[in-house]
Amino acid sequence: MTAPATSAPQLRSLYRRLLRELPARSPPKTILSHPSPLQQRIRDVTAGAGEGPHGMSPDAAEQFVQYTQAQRMYVTLIERYNPGMGMSEEERVRLTARRVGMDLPVGGTGLGGRDQN
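Residues numbered from 1 in each chain as written. Predicted model: local features only at pLDDT ≥ 70, side-chain atom pairs only at ≥ 80, totals over all residues. Heavy atoms only, no water.

1. Topic: helix H3 (residues 58–81)
The end-to-end C-alpha distance of H3 is 35 Å, a good match for the 34 Å that 24 residues give at a rise of 1.5 Å each. In this structure, the buried residues of H3 make contact with helix H1 (8–21). (Helix = DSSP H or I, 4+ residues; strand = E, 2+ residues; numbered from the N terminus. Expected span 1.5 Å × (residues − 1). Contact = heavy atoms within 4.5 Å.)

2. Re a nonpolar patch on the surface
On the surface, Met-73, Leu-77 and Tyr-81 cluster together to form a nonpolar patch covering roughly 330 Å² of accessible area. In this fold, Tyr-81 is placed in helix H3. On the accessibility criterion, Tyr-81 (58% relative accessible area) is exposed. (Patch = residues over 30% accessible without salt bridge, like charges linked within 9 Å, V, L, I, M, F, W, Y side chains within 5 Å. Areas by Shrake-Rupley, 256 points an atom, 1.4 Å probe, with all protein chains shown as cover. Salt bridge = Lys/Arg side-chain N within 4 Å of Asp/Glu carboxyl O. Buried < 20%, exposed > 50% of the residue type's maximum accessible area, 1.4 Å probe, protein only.)

3. What to know about the confidence of the model for the chain
Scored by pLDDT, the chain has a mean of 74; 69% of the residues are at 70 or more. In the model of the chain, helix H2 (residues 37–47) stands out as the element of lowest mean pLDDT, 75, in contrast to H3, which has the highest, 87. (pLDDT = per-residue confidence, 0-100.)

4. Section: the pattern of salt bridges
Taken as a whole and judged by the stated rule, the model has two salt bridges. Notably, a salt bridge pairs Glu-62 with Arg-17, separated by 3.0 Å at the nearest N-O pair. Residue Glu-62 is located in helix H3, and its partner Arg-17 is located in helix H1; the two are separated by 45 residues in the primary sequence. Residue classification places Glu-62 among the partly exposed positions, given a relative accessible area of 24%. We classify Arg-17 as partly exposed; its relative accessible area is 23%. Arg-94 is the salt-bridge partner of Glu-91, the closest N and O atoms lying 2.6 Å from each other. Of the two residues, Glu-91 and Arg-94 are both situated in helix H4 (residues 89–99); the distance of three residues between them amounts to about one turn of the helix.

5. Section: the packing of H1 against H3
Running from N to C, H1 and H3 point in directions that differ by 25°, and their axes come no closer than 9 Å. Comparing their axes, H3 and H1 come out roughly parallel. Crossing of H1 against H3: the hand is left-handed. Residues Leu-11, Leu-14, Arg-17, Leu-18 and Glu-21 of H1 touch H3, and the partners they reach there are Pro-58, Ala-61, Glu-62, Phe-64, Val-65, Thr-68, Gln-69 and Arg-72. Residues belonging to the contact of H1 with H3 are distributed by class as follows: seven nonpolar, two polar and four charged. (Axes fitted to C-alpha atoms, helices over the stretch in contact; angles between N-to-C directions. Parallel < 35°, antiparallel > 145°, perpendicular 65-115°, else oblique. Left-handed = near helix turned anticlockwise from the far one by under 90°. Nonpolar A, V, L, I, M, F, W, Y, C, P; charged D, E, K, R; others polar.)

What follows is the structure in C-alpha cells.
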C-alpha cells in the first residue's frame with residue numbers, strides 16, 4: 001500500500017514555511033520576484049516533491065523546516081546570552097573593567113603593556 005499523496009496546498013504551505021526560515025536578504029527584495037539561488041533550489045526541489053532522486057518528500061521538507069527553526073532559535077539564544085562573542089579581546093577587557101568600576105587608561109599600548117605592531 002502506498003502513502004497517500006500530499007495535496008498541493010500542503011506542499012505550498014511547506015514551501016512558504018521554508019522560505020520564511022531563510023535569512024533576510026539585503027537589500028530587501030520581493031522574495032518571489034528575485035529569488036536567491038538557495039530559494040530557487042528549494043523551489044526546484046519542492047516542485048518535484050517525491051519525484052525521482054532530486055525530489056524532496058513532504059516528511060523530509062517538514063523535518064528541514066523544523067531544523068531551520070531550531071537553528072534560528074539557537075542563533076538567537078547564543079546572541080542573547082553571549083553578548084561579548086563578537087567583541088575583540090581588548091574591547092571585552094575594557095567593558096569588564098568598566099563593569100567593576102575601573103577605566104582603562106587610554107594609550108598606545110594594548111593588553112599587558114605590549115606594543116600592538
